[in-house]
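# A closer look at the structure
Letter by letter, the chains look like this.
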Amino acid sequence: MSTPTPDGESRGPGPVVLAVGTDALLVELGSGEETEAFHAEVLRRRAAGELPGVREVVPGARTVLLDGIARETAGLARELASWPLPPPLRSTGPAVEIPVVYDGPDLDDVAQAWGVAAAEVAALHSGTEFRVAFCGFAPGFGYLTGLPDHLHLPRRATPRTRVPAGAVALAGPYTGVYPRPSPGGWQLIGRTPDPAALWDPDREPPALLVPGARVRFVEAGTRTGPGAGSRTGSGSASGAGAEA
């Protein structure tokens, strides 16, 4: 358990709770799994009425931001530092399915790094169930975890000045899909034919991929489920900014 300081911070083993301005707290955690568990616990307690006065909850890679706090933050910081963290409840609803054409410019390099044929990259990637850990970088961009450790890859040594909308990409432990053209340094293995489905400002929530959602990539032409546009999971559709 960490020990909060008088100014609303906590230090020591476990979560580190930092004051951000006068009405927000940033909780730093030790791993992605701890972050997912803490985020799920925040949402559970807020839904149960046990966390009044918190307007927004934003997960990141190793942080959870509680913003718009309409109560004394030092006391809440002490509460957050003392929470036991049960394993996060996994959604059992239908997964979001994203169709993919596996023809990215880095496909051969990824295959070589994985020690497989290029066609096997598609099988390994589409055979994995992913989960949205957090969102950021651009509206609709989700950071998806699920690939085993031995398939994690570094970013490209030289980022591209333009990555097309719909590009399916890998970097570190994450998979992502670019919702719009932008610079980026991730390894591009394919593309989804309908990137507009990732972010629709006329939809509520606008993001197709929200924290906690289950996601499967399906080779284009072989979709079996509800397809792009369906969603499950809970949480904020926006998240801490991060580089892609």
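Here, every reference points to the structure presented above.
This structure is a prediction, so every number in the text was calculated from the model and none was measured.

## Let's talk about the overall build of the protein
For the protein, the helix and strand inventory stands at four helices and 15 strands. Within the protein, the proportion of its 244 residues that are buried is 47%. Restricting to contacts in the protein with at least 6 residues of sequence separation, those with at least 24 account for 61%. Taken as a whole, the protein presents about 11,000 Å² of accessible surface, with 53% of it coming from carbon and sulfur.

## What to know about the pattern of salt bridges
In total, this model carries nine salt bridges according to the counting rule given. The partner of Glu36 in a salt bridge is Arg131, with the nearest N and O atoms 3.7 Å apart. Of this pair, Glu36 sits in helix α1 (residues 32–47) while Arg131 sits in strand β8 (residues 129–135); the two residues are 95 residues apart in sequence, bridging distant segments of the chain. Taking relative accessible area as the criterion, Glu36 reaches 24% and is therefore assigned partly exposed. Given a relative accessible area of 11%, Arg131 falls into the buried group. We note a salt bridge from Glu41 to Arg45, for which the minimum N-O separation is 2.8 Å. Here Arg45 and Glu41 lie together in helix α1, a separation of four residues that amounts to about one turn. Both residues of the pair, Glu41 and Arg45, belong to the buried class. Within this structure, Glu41, Arg44 and Arg45 form a network of salt bridges that share partners.

## A closer look at the pairing of strand β15 (residues 214–219)
Pairing analysis gives five bridges linking strand β7 (residues 96–100) to β15, with the strands arranged parallel. Its bridge partner being in β15, Val100 is matched across the sheet by Glu219. Relative to β15, β8 runs antiparallel, the two being bridged by three bridges. Residue pairing across strands places Arg131 opposite Arg214, the latter belonging to β15.

## Some details on the packing of helix α3 (residues 107–114) against helix α4 (residues 118–126)
Running from N to C, α3 and α4 cross one another at 80 degrees; their axes reach a closest spacing of 8 Å. Considering the angle they form, α3 stands roughly perpendicular to α4. From α3, Leu107, Asp108, Val110, Ala111 and Trp114 reach across to α4, where they touch Ala118, Val121 and Leu124. Of the residues contributing to the contact of α3 with α4, the split by class is seven nonpolar, no polar and one charged.

Calculation notes
Residues numbered from 1 in each chain as written. Predicted model: local features only at pLDDT ≥ 70, side-chain atom pairs only at ≥ 80, totals over all residues. Heavy atoms only, no water. Helix = DSSP H or I, 4+ residues; strand = E, 2+ residues; numbered from the N terminus. Buried < 20%, exposed > 50% of the residue type's maximum accessible area, 1.4 Å probe, protein only. Contact = heavy atoms within 4.5 Å. Areas by Shrake-Rupley, 256 points an atom, 1.4 Å probe, with all protein chains shown as cover. Salt bridge = Lys/Arg side-chain N within 4 Å of Asp/Glu carboxyl O. Pairing = 2+ DSSP bridges. Axes fitted to C-alpha atoms, helices over the stretch in contact; angles between N-to-C directions. Parallel < 35°, antiparallel > 145°, perpendicular 65-115°, else oblique. Nonpolar A, V, L, I, M, F, W, Y, C, P; charged D, E, K, R; others polar.

Don't take any of this as a statement about function, it's just geometry.
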